Each structure stands twice: as C-alpha cells, then as structure tokens.
Amino acid sequence: MPVFLSYQNRLDLAEKEIAVARKKSRCPMTEKQQEILRHMVHGRWCPKGIAQRAAMILDAFDGQRNHRIAETLDCERHTVGVWRQRWRDAFDHLVHLECFGKPAELRHAIMDVLRDQPRSGRRSTYTPDQIALIIAVACEPPEDSGRPITHWSARELADEVIRRKIVPKISAPRCSAW
C-alpha cells in the first residue's frame, strides 16, 4: 500500500537527503538523480555529450577531483568545473521537481541542465534555406539565368540571388564562402 506524505513530511525528507548529499560531496545529488544519471551514462538513447556530462557529475559526486575526471573523460579540467557548477546551481530546483513533480519532469530537467546553453554572439544573417537556395543557384549554369557568362563569379552570383529576391543584400565574398 503506497504511503502518502504530507507536504511538510516531503520537505523534511528532502532536506535530510540534501544534507546527506552535501556532506558526501561538493557536488550534491539524491539517489533518484544518481539513478537517472547512471541510466544516461549507460543508455544508448542519450546523446554522447550529455552522457559525458552525466559521467562528470557522477564522478564529482564520488569525490573525484576535476583534473582526475578530465583525464578519465578526455576533456579539459575547466570544463568539468563548469558542469559541476551548473549542477550545483540547479540542484535545489531538481530536488523540488523530485519531491513535487512527475518522474518524467525530473528526467527532462536533468537533461536540460546537461544540455549546451545557447551560444553568445551574433545570429546568422542568412537562414539555412537561403543558403541552400544560393548554393542551388551556384550549381545552375549562368546561361539559364540569362547571364552572358559560362561560370559564376562571386559578384555575378551575388547579383543573381539579390535579383531573385532570395536575400535582400549580400556581398560577393560572402556569396563565394559557401
């Protein structure tokens, strides 16, 4: 028969488990989180990068130092520290999901913690569809476009993709980069 715990009892149990996890390691983890991470490391369904990060967190929980984990997983020591910190930052949220959320929510949240964050920097000026269309035009003979040339030059190609309204503007060097 399942045991139903009150909100306060669940909080008390979570606090005890957190205290045990924090004593054992500087990278805290509950038993359920550990089970999910092990499944990620050993499962075929998990992308390699996420599985490697899950292994980092498990090794950190076991008390290994960053340089040892980096040697074992063939990565940089700094990388291990970054993922260890991200796990620590997300730990309280993960515990909350474990106590009050659905099991699938915890697994998805752990996957989110271990995923790459969006990169900084400028977004691409051209969409993948536009790039594909520019390449398609470059593969066509210039005569089909009414151009009196036998081979595309970067300038002619740029003029043609602008004329076809594939892009509003593009430089010749950019056009020839693909």
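Residues numbered from 1 in each chain as written. Predicted model: local features only at pLDDT ≥ 70, side-chain atom pairs only at ≥ 80, totals over all residues. Heavy atoms only, no water.

Visitor: Before we go on, may I ask you to explain the overall build of the chain in this structure?
Guide: A count of helical and extended segments in the chain gives 9 helices and 0 strands. Each helix and strand of the chain, ordered N terminal to C terminal, gives the series α-α-α-α-α-α-α-α-α. Looking at the chain as a whole, 36% of its 178 residues qualify as buried. Here the contacts in the chain between residues at least 6 apart in sequence split such that 51% fall between residues at least 24 apart. Summed over its atoms, the accessible surface of the chain is roughly 12,100 Å², and 53% of this surface lies on carbon and sulfur atoms. (Helix = DSSP H or I, 4+ residues; strand = E, 2+ residues; numbered from the N terminus. Buried < 20%, exposed > 50% of the residue type's maximum accessible area, 1.4 Å probe, protein only. Contact = heavy atoms within 4.5 Å. Areas by Shrake-Rupley, 256 points an atom, 1.4 Å probe, with all protein chains shown as cover.)

Visitor: What is the right way to look at the pattern of salt bridges in this model?
Guide: When charged atoms on two side chains of opposite charge get close, those side chains can pair. All chains considered together, the criterion is met by 10 salt bridges. A salt bridge links Arg68 to Glu71, with the shortest nitrogen-to-oxygen separation between them at 2.9 Å. With Arg68 and Glu71 both in helix H4 (residues 66–73), this residue pair falls 3 residues apart, about one helical turn. Judged by its relative accessible area of 53%, Glu71 is exposed. (Salt bridge = Lys/Arg side-chain N within 4 Å of Asp/Glu carboxyl O.)

Visitor: Quick question: what am I supposed to make of the environment of Arg86 here?
Guide: Checked against the element boundaries, Arg86 lands in helix H5 (residues 77–100). Remark: the alpha-carbon pair of Arg86 and Ile57, spanning 29 residues in sequence, is separated by 9.9 Å. Not counting chain neighbours up to four residues away, the residues in contact with Arg86 comprise Asp112, Val113, Arg115 and Gln117. Here the side chain of Arg86 touches Val113 through a polar contact of 2.9 Å, landing on its backbone oxygen. (Polar contact = N/O pair within 3.5 Å; in protein donor to acceptor, adjacent residues only side chain to side chain.)

Visitor: Got a minute to help me understand the nonpolar core in this structure?
Guide: In a soluble, globular protein the nonpolar side chains are often hidden away together inside. Residues Leu37, Met40, Trp87, Leu94, Ile110 and Leu114 are the most contacted members of the largest nonpolar core, which totals 33 residues. If we skip the residues at most four places from it in the chain, Leu114 touches Leu37, Met40, Ile50, Arg53, Ala54, Ile57 and Trp83. Counting residues in each nonpolar core, the second largest holds 12 residues, with Ile131, Ile166, Val167 and Ile170 among its members. (Core = buried A, V, L, I, M, F, W, Y, C linked by side-chain atoms within 4.5 Å.)

Visitor: How should I be thinking about the side chain of Gln130 in this particular structure?
Guide: The topology assignment puts Gln130 in helix H7 (residues 128–139). Given a relative accessible area of 17%, Gln130 falls into the buried group. Engagement of the side chain of Gln130 in a polar contact is seen with the backbone nitrogen of Thr127, the distance being 2.9 Å. Among all residues touching Gln130, those that are not within four sequence positions of it are Thr125, Ile166 and Val167.

Visitor: Explanation requested: the confidence of the model for the chain in the structure shown.
Guide: Regions with low pLDDT should not have their predicted coordinates read in detail. The predicted model of the chain averages 88 in pLDDT, with 88% of residues at 70 or higher. A low-confidence stretch, residues 21–25 stays under pLDDT 50, and its non-local contacts, those more than four residues away or across chains, total 9 contacts. (pLDDT = per-residue confidence, 0-100.)

Visitor: Explain helix H2 (residues 31–42) here, please?
Guide: One turn of the α-helix equals 3.6 residues, which is why residues spaced by three or four share an orientation. For H2, built from 12 residues, the straight-helix expectation of 16 Å at 1.5 Å per residue is met to within 8% by its first-to-last C-alpha distance of 17 Å. Within the span of H2, buried status applies to Gln33, Gln34, Ile36, Leu37 and Met40. Mapping the buried residues of H2 onto a view down its axis gives an arc of 165°, with all of them on the same face. Exposed side chains of H2 directed beyond 90 degrees from the buried face belong to Glu31, Glu35 and His42. Against helix H3 (48–61), H5 and helix H6 (103–114) lie the buried residues of H2. (Expected span 1.5 Å × (residues − 1). Arc of directions from axis to C-beta.)

Visitor: Just to check I follow, could you spell out H7 for this structure?
Guide: Helix length check: H7, at 12 residues, gives a terminal C-alpha distance of 17 Å against a target of 16 Å (1.5 Å per residue), a fit within 8%. Restricting attention to buried positions, one finds in H7 the residues Gln130, Ile131, Ile134 and Val137. For H7, the angular spread of buried residues about the axis comes to 120°, placing them on one side. Seen from the buried face of H7, the exposed residues on the opposite side, beyond 90 degrees, are Pro128, Asp129 and Cys139.

Visitor: Please clarify how the packing of H3 against H5 should be interpreted in this entry.
Guide: Each pair of packed helices can be summarised by the angle the axes make with each other and by the distance between the axes. Direction vectors running N to C along H3 and H5 enclose 80°, while the axes themselves pass 10 Å from each other. The angle between the axes of H3 and H5 places the two elements in the roughly perpendicular class. Across the interface between the two elements, Arg53, Met56, Ile57 and Ala60 of H3 pack against Thr79, Val80, Trp83, Arg84 and Trp87 of H5. Class assignment of the residues belonging to the contact of H3 with H5 gives a composition of 6 nonpolar, 1 polar and 2 charged. (Axes fitted to C-alpha atoms, helices over the stretch in contact; angles between N-to-C directions. Parallel < 35°, antiparallel > 145°, perpendicular 65-115°, else oblique. Nonpolar A, V, L, I, M, F, W, Y, C, P; charged D, E, K, R; others polar.)

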